[in-house]
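So the chains spell out like this:
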Amino acid sequence: MQRSRGWATGWNLARIAVAVLIVVAVVAQFVSTLGEAVARGRDTTTVIANFFSFFTILSNVSAAVVLVLLGVRFLVRGRRLEVDPPALATVLAWVSTYMIVTGIVYNLLLRGLPLQPETVGWSNEILHVWGPLFLLLDVCLGPNRRRLRWTAALGAAVFPIAWIVYTLLRAPLVTNPTTGAPFWYPYPFLDPSTGGWGSVAGYIVVIAVAIVALAVGVVAIGRARGIRPN
């Protein structure tokens, strides 16, 4: 069934629909965040930069772009049952990994934290639950997935490492627009003032290992499903 034209058509339409839903959720949260900043006289440039410094936002936007590319490519090419091209298949594996990590980290570490007044509830759930869940299902059920080399899993670690370096270098240089603190970390587990650098290092190691392990799992599932290039 997963290799039938009807299944592939339906799934790629679902990819486009989920991508649109993710974009709507990101835009709704951005509008709310910016509106709150303007209403309270916060520095909007900093607020905007902070918004696009969240791993959640970056992973969701990346996933939306890749899902649209996959869906549109399938439709404009006459709904052919052909394996995804190497570059697109690799990026899909990466964004799938990032979205799954986003869902796991949020629901294990951040779910119980109080939400900010500007947080849009339904948007928050789409970005942290339903989007990641769809990408997980896409790994298991999505059509036309390519059998990737194992080295593709290691490449998934490049972006998160760059994001962590960027975050830790930028955070001490930014004044928190909400509290006035002389630093701003997107997530509390990266803030050394709460648990020390040892705790931060521990979380980074665990998340890095989890990303590589999940990427290996994503690649392994694709290989096990036997999707080979023609």
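Counting restarts for each chain, with residues numbered from 1 along the sequence as it is written. Under the rules for a predicted model, residues below a pLDDT of 70 receive no local features and side-chain atom pairs below 80 are neither given nor counted, while totals for whole chains, interfaces and linings still include all residues. Heavy atoms throughout the structure, all of them, feed into the side-chain values; hydrogens and water do not.

(A) Just the environment of Ala-171, in detail. Here Ala-171 lies in the loop between helix 7 (158–170) and helix 8 (192–224). Accessible area is worked out with a 1.4 Å probe on protein chains only. A residue is then buried under 20% of its type maximum, exposed over 50%, and partly exposed in between. Among the residues examined, Ala-171 registers a relative accessible area of 1% and is labelled buried. Remark: the alpha-carbon pair of Ala-171 and Tyr-185, spanning 14 residues in sequence, is separated by 5.5 Å. By definition, residues are in contact when any of their heavy atoms lie within 4.5 Å. When sequence neighbours within four positions are dropped, the list of residues in contact with Ala-171 reads Pro-182, Phe-183, Trp-184 and Tyr-185. Put simply, DSSP marks the helices as runs of H or I at least four residues long and the strands as runs of E at least two long, and each gets a number from the N terminus on.

(B) Here's a closer look at helix 8. One fewer than the residue count of a helix, multiplied by 1.5 Å, yields its expected span. Under the 1.5 Å per step criterion, the end-to-end length of helix 8 is only 41 Å for 33 residues, more than 12% shorter than the ideal 48 Å. Bend is the name given here to the angle between axes fitted to two runs of seven residues, the run ending at a residue and the run starting at it. Where helix 8 bends most, at Gly-198, the angle is about 70°. All of the buried residues along helix 8 are Pro-192, Val-200, Ile-204, Ile-207, Ile-211, Ala-215, Val-218, Val-219 and Gly-222. Looking at the buried residues of helix 8, the elements they touch are helix 4 (86–110), helix 5 (121–141), helix 6 (151–155) and helix 7.

(C) A look at the packing of helix 1 (residues 5–39) against helix 5. Contact geometry for helix 1 and helix 5: axes closest at 10 Å, N-to-C directions at 155°. It follows from the interaxial angle that helix 1 and helix 5 lie roughly antiparallel. Viewed along their axes, helix 1 and helix 5 form a crossing whose handedness is left-handed. For the pair formed by helix 1 and helix 5, the contact residues are Trp-7, Trp-11, Ala-14, Arg-15, Val-18, Leu-21, Ile-22, Val-24, Ala-25, Val-26, Ala-28 and Gln-29 on the first element and Trp-122, Ser-123, Ile-126, Leu-127, Gly-131, Phe-134, Leu-137, Asp-138 and Leu-141 on the second. Three residue categories are used. Nonpolar comprises Ala, Val, Leu, Ile, Met, Phe, Trp, Tyr, Cys and Pro, charged comprises Asp, Glu, Lys and Arg, and polar comprises the others, including Gly. Here the residues of the contact of helix 1 with helix 5 are counted per class, giving 16 nonpolar, three polar and two charged. Here the axes come from fitting lines to C-alpha atoms, over the contacting stretch only for helices, and the angles between their N-to-C directions go from 0 to 180 degrees. The scheme is simple: roughly parallel for angles under 35 degrees, roughly antiparallel for over 145, roughly perpendicular for 65 to 115, oblique for anything else. The sense of a crossing depends on the near helix, which, turned anticlockwise from the far helix by less than a right angle, makes the crossing left-handed and, turned clockwise, makes it right-handed.

(D) Up close: the side chain of Asn-176. Tracing the chain through its elements places Asn-176 in the loop between helix 7 and helix 8. For the purposes of these results, a polar contact is taken to be a pair of N or O atoms within 3.5 Å, where, inside protein, one atom must be able to donate a hydrogen and its partner to accept one; residues adjacent in sequence count only when each atom of the pair is a side-chain atom. Here the side chain of Asn-176 touches Thr-179 through a polar contact of 3.2 Å, landing on its backbone nitrogen. Setting aside residues up to four positions removed in sequence, Asn-176 forms contacts with Ala-181, Phe-183 and Trp-184.

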